[in-house]
Amino acid sequence: SLLNDRDDWTAEILIDRLKNERTRLERLKPINDPDLDIESVISLSYNSLTDEVKKYFRMLGIFNNEFWLQLVSAVWELEDEEKVDYLLDYLTSKSLINAYPEKFGKFDRDESKVMNVYHIHDLTRLYAANLLRDNAEEAKFAIGRHASFFLGLGSYLNRQYKQGGERMITSLKVFRAIWPYLIDSWERMQANQSDWPRPELADKWLSAFPGLCADM
């Protein structure tokens, strides 16, 4: 649609304009067709949420990969998993996230365990992330909780790996699965990045990460 509106654009020009995540939604707005305004469509669902649920939805903007109940509980700092489950189901009903039941053995010893894995569409994630960035303290909180969760899990896997035997293979398998999340945290903690506000624990986290996961 955008290319049809601009005869002077090539696909390469459009791709270049969409590279910046911070401005991608704004630049996806067609001039002549408001019905294709993705940001406005998402905002209809977002604005129907209560203030509390809006806050929890915004925090999901830090997930570049799938997420699950225990991870969201950690990021939201909610110990009541029934409430977390309800909130995730509610956001699913609003079409803001998608749920997929699947066997979850990669993060759990019980290979037959089935639970929901959640995904947030890339453009919906950008919408949530942009809102989250507007609240620096909220963003720092979510980033810090996300980073602490995966550093703790990585450290545990490192200890399991060093015990040898079957635990080595299992630990490597799980560590491989969480590696993208650790990289996300690593990049957000860097002093020279400007996409996210740095939490106070950033330098401490960066210093601890190599040692706690050294054997993986």
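Remember, predicted model here, so these are calculated numbers, not experimental data.

Asks: I'd like a description of the packing of helix 9 (residues 136-162) against helix 11 (residues 202-212), backed by residues and values.
Replies: Where helix 9 contacts helix 11, the two axes come as close as 9 Å, and the packing angle between them is 20°. It follows that helix 9 is roughly parallel to helix 11 by the angle criterion. Of the two possible hands of crossing, helix 9 and helix 11 adopt the one that is left-handed. Residue-level inspection shows Ala147, Ser148, Leu151, Gly154, Ser155 and Asn158 of helix 9 in contact with helix 11, the latter providing Trp205, Ala208, Phe209 and Leu212. Partitioning the contact of helix 9 with helix 11 into residue classes produces six nonpolar, four polar and no charged.

Asks: Give a description of the environment of leucine 123 that names residues and reports values.
Replies: Along the polypeptide, leucine 123 turns up in helix 8 (residues 122-133). Residue class for leucine 123 comes out buried when judged on its relative accessible area of 17%. C-alpha of leucine 123 to C-alpha of glycine 165: the two residues are 42 residues apart in sequence and 43 Å apart in space. Residue contacts for leucine 123: discarding those within four places in its chain leaves Arg24, Leu25, Leu28, Ile38 and Ile42.

Asks: Which residues make up the packing of helix 6 (residues 69-76) against helix 7 (residues 81-93), and what values do they have?
Replies: For the pair helix 6 and helix 7, the least separation of the axes is 10 Å and the interaxial angle reads 105°. Taken together, the axes of helix 6 and helix 7 lie roughly perpendicular to each other. Touching Leu69, Gln70, Val72, Ser73 and Trp76 of helix 6 are Glu81, Val84, Asp85, Leu87, Leu88 and Leu91, all from helix 7. Classifying every residue of the contact of helix 6 with helix 7 by side-chain character gives seven nonpolar, two polar and two charged.

Cut-off values and rules
Residues numbered from 1 in each chain as written. Predicted model: local features only at pLDDT ≥ 70, side-chain atom pairs only at ≥ 80, totals over all residues. Heavy atoms only, no water. Axes fitted to C-alpha atoms, helices over the stretch in contact; angles between N-to-C directions. Helix = DSSP H or I, 4+ residues; strand = E, 2+ residues; numbered from the N terminus. Parallel < 35°, antiparallel > 145°, perpendicular 65-115°, else oblique. Left-handed = near helix turned anticlockwise from the far one by under 90°. Contact = heavy atoms within 4.5 Å. Nonpolar A, V, L, I, M, F, W, Y, C, P; charged D, E, K, R; others polar. Buried < 20%, exposed > 50% of the residue type's maximum accessible area, 1.4 Å probe, protein only.

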